[in-house]
There are 2 protein chains.
Amino acid sequence: MERSSHKVSMAVIRRLPKYYRYLEGLLKKDINRISSKELSRIMGLTASQIRQDLNCFGGFGQQGYGYNVAELHNEIAKILGLNKHYSSVIVGAGNLGQAIANYSNFQRQGFELKGMFDINPKLIGLRIRDVEIHDIDNIEGFVRENDIEIGIIAVPLENAQDIADKLVAGGVKGIWNFAPFDVKVPENVEIEHVHLSESLYTLTYLLNEKDILEKKD
Amino acid sequence: MERSSHKVSMAVIRRLPKYYRYLEGLLKKDINRISSKELSRIMGLTASQIRQDLNCFGGFGQQGYGYNVAELHNEIAKILGLNKHYSSVIVGAGNLGQAIANYSNFQRQGFELKGMFDINPKLIGLRIRDVEIHDIDNIEGFVRENDIEIGIIAVPLENAQDIADKLVAGGVKGIWNFAPFDVKVPENVEIEHVHLSESLYTLTYLLNEKDILEKKD
DNA sequence: TAGATTGTTAATCGATTAACAATC
DNA sequence: TAGATTGTTAATCGATTAACAATC
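Quick caveat: nothing in here was measured; it's all calculated off a predicted structure.

Within the secondary structure, A:His195 sits in the loop between β9 (190–193) and α9 (196–216). Within polar-contact distance, the side chain of A:His195 engages the side chain of B:Arg21 at 3.3 Å.

This part takes up the sheet that holds strand β5 (residues 127–128) of chain B. As a general point, the strands of a sheet are linked pairwise by backbone hydrogen bonds and lie either parallel or antiparallel. All names here are of chain B. Strand order in the open sheet formed by seven strands is β5-β6-β4-β3-β7-β8-β9, and the pairing between neighbours is mixed. If you trace the sheet from one side to the other, it starts and ends with β5 and β9 (190–193), each paired once. Running over the sheet, helix α5 (residues 95–102) touches β3 (86–91), β4 (111–118), β5, β7 (150–153) and β8 (174–177) and is turned about 160 degrees from β4.

UniProt's entry tags A:Gly92, A:Ala93, A:Gly94, A:Asn95, A:Leu96 and A:Gly97 with the feature "binding site: NAD(+)" (unreviewed entry), counted in the numbering of this structure. Here A:Ala93 shows up in the loop between β3 (86–91) and α5 (95–102). Looking at the element boundaries, A:Leu96 is found in helix α5. Residue A:Leu96 is classed as buried on the basis of its relative accessible area, which comes to 18%. The contact partners of A:Leu96, leaving out residues within four places of it in the chain, are A:Ala154, A:Phe178 and B:Ala99.

A separate point is the relation of the copies chain B and chain A. Aligned on chain A, chain B shows an RMSD of 0.0 Å; the corresponding rotation is 180 degrees and the shift along the axis is 0.0 Å. Seen this way, the second copy is the image of the first under a two-fold rotation axis. Minimal C-alpha distance to the rotation axis in chain B is attained by B:Ala99, lying at 3.1 Å.

Bringing the UniProt feature "DNA-binding region" (unreviewed entry) in chain A into the picture now. Here the UniProt feature "DNA-binding region" (unreviewed entry) sits at residues 18–57 of chain A. Taken as a whole, residues 18–57 of chain A contains 68% helix and 5% strand, while its terminal C-alpha atoms sit 16 Å from one another.

Residue and element names in this part refer to chain B. The alternating pattern of β8 places Gly174 and Trp176 on one face and Ile175 and Asn177 on the opposite face, and all of these are buried. Pairing analysis gives four bridges linking β7 to β8, with the strands arranged parallel. From the neighbouring strand, isoleucine 152 faces β8, where its bridge partner is tryptophan 176. A crossover connection joins β7 to the parallel β8 through helix α8 (residues 157–170); in handedness this β-α-β unit is right-handed. Both β8 and β9 contribute to a ladder of four bridges, which runs parallel.

Across all of its chains, the model carries ten aromatic pairs over all chains by this definition. Judged by centre distance (4.8 Å) and plane angle (70 degrees), the ring pair of B:Trp176 and B:Phe178 falls under edge-to-face.

Conventions and cut-offs
Here, residues in each chain are numbered from 1, in the same order as that chain's written sequence. Labels follow written order: the first chain is A, the first ligand is 1, and so on. Note on the predicted model: pLDDT of at least 70 is required for a residue's local features to be given, and 80 or more for side-chain atom pairs to be given and counted; whole-chain, interface and lining totals, by contrast, use all residues. Side-chain calculation: all heavy atoms of the structure are included, whereas hydrogens and water are not. In this text, helices come from DSSP runs of H or I with a minimum length of four residues, and strands from runs of E with a minimum of two, each type numbered from the N-terminal end. Side-chain atoms alone can form a polar contact between residues adjacent in sequence; in general such a contact is a pair of N or O atoms within 3.5 Å, and within protein one must be able to donate a hydrogen while the other accepts it. Two strands qualify as a pair provided DSSP detects at least 2 bridges between them. Residues count as neighbours in contact if any of their non-hydrogen atoms are within 4.5 Å of one another. Axis definition: a line fit to C-alpha positions, over the contact stretch in the case of helices; interaxial angles, taken between N-to-C directions, run 0 to 180 degrees. UniProt positions are given in the numbering used here, feature names are shortened, and annotations may be inferred rather than shown by experiment. Think of it in three bands: residues with accessible area under 20% of the maximum for their type are buried, residues over 50% are exposed, and the middle band is partly exposed, with areas taken using a 1.4 Å probe on protein chains only. C-alpha atoms of residues with pLDDT of at least 70 in both copies form the basis for the least-squares superposition of the copies. Whether a crossover is right-handed depends on one test, that the path from the first strand over the helix to the second runs clockwise when the strands point away from the viewer. Any two of the Phe, Tyr and Trp rings considered here, Trp counted by its six-membered ring, make a pair once their centres fall within 6.5 Å; the pair's planes then place it as stacked at under 30 degrees, edge-to-face at over 60, or tilted in between.

Now the structure itself:
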């Protein structure tokens, strides 16, 4: 028995946080009503696309009026699961791990950091913002005992898959991976990669695109 | 007079760093030959797509043989502009700025960090890995005098556009933006955004997708 | 030579855009 | 009511996949 909920495409999903961010900006400016046309103008999309995207999840607008900003912001928050609380751990307490731990956007908004892990004995026992750094050997048990839902990987590429396996064994539901390696996880675990060098190399590509394409002729 | 160099689509461009990364992995394993079929298997793409992608830039393979790993790796490095040197500055010397400064992948590979900038008097004058933190008021002059090509923005969203404007005024060619705001730059300046919370919210969406789509029915 | 695999053209698929009736 | 703007269907566009002749 098939549910009518046809999968939403990744292209749409990745635009949702963007809508959420722009709506937050409108809220801050005390704008309480917006049409798809006006939103398309400030976001650089088409009005048609915005309406199509939103209608994957429901009819949030009103003919002749547009969308209520606060309401739409709230609906998208729910779609993104931002009305829920998540407990998390960061594995790797180096520069990147510490930066994520301190990342203010991450601290608020219901993402509770329950623990950090590192292999370096000098770091173990220290605290970042009141969060203790544990020995990396204890990941699996800690994740299980504390019902950790999100595991954040900030270790070198060599160790990334091993850490992912341990997080999964402990029972995390999702992994936010900052290591430059596409760690594999079982189907029932969600994975989101942040490949910083890929982003940087995209920029350098664009800086050189003209020369590259001319040379090809 | 139009050049035959038809623009390469962004979808293709964003796969290039991924090819580069996987080829690097093969190199490390001393594998010196690969077919599009085998590469498609380890990367999770189709062989057809790989051949299409590469042929946007040239015929790097050989019929009946496949691709020489070292050669293809090198060609893609050139396409991505990784054979060149770039001088850069980081604006914002908080946790994120410092993490980027210390990011090892960034330090090697020809990305020279020439200076950092912050508004906080306590940070100004300090050094991160031998790189001095300057007063944020001096950005434009510093960028111009030191021929900085890449400006990295790691400041709060409120200041991001102002910083971008100053970097552009100083003459940067590209901006790597970590602020949660789509800063606008002139057409001749390239921009690459890293929106960390959008990535995180994509993960939380996926954690809740089933519930969301069922509720809709 | 026979087998393998590319480069490239053609077919398919999916995502974006356009259009418009429904309706606030 | 008249005007505005949605939700949704149809048309278009672009990206991915399939197929195969060329060739190493």
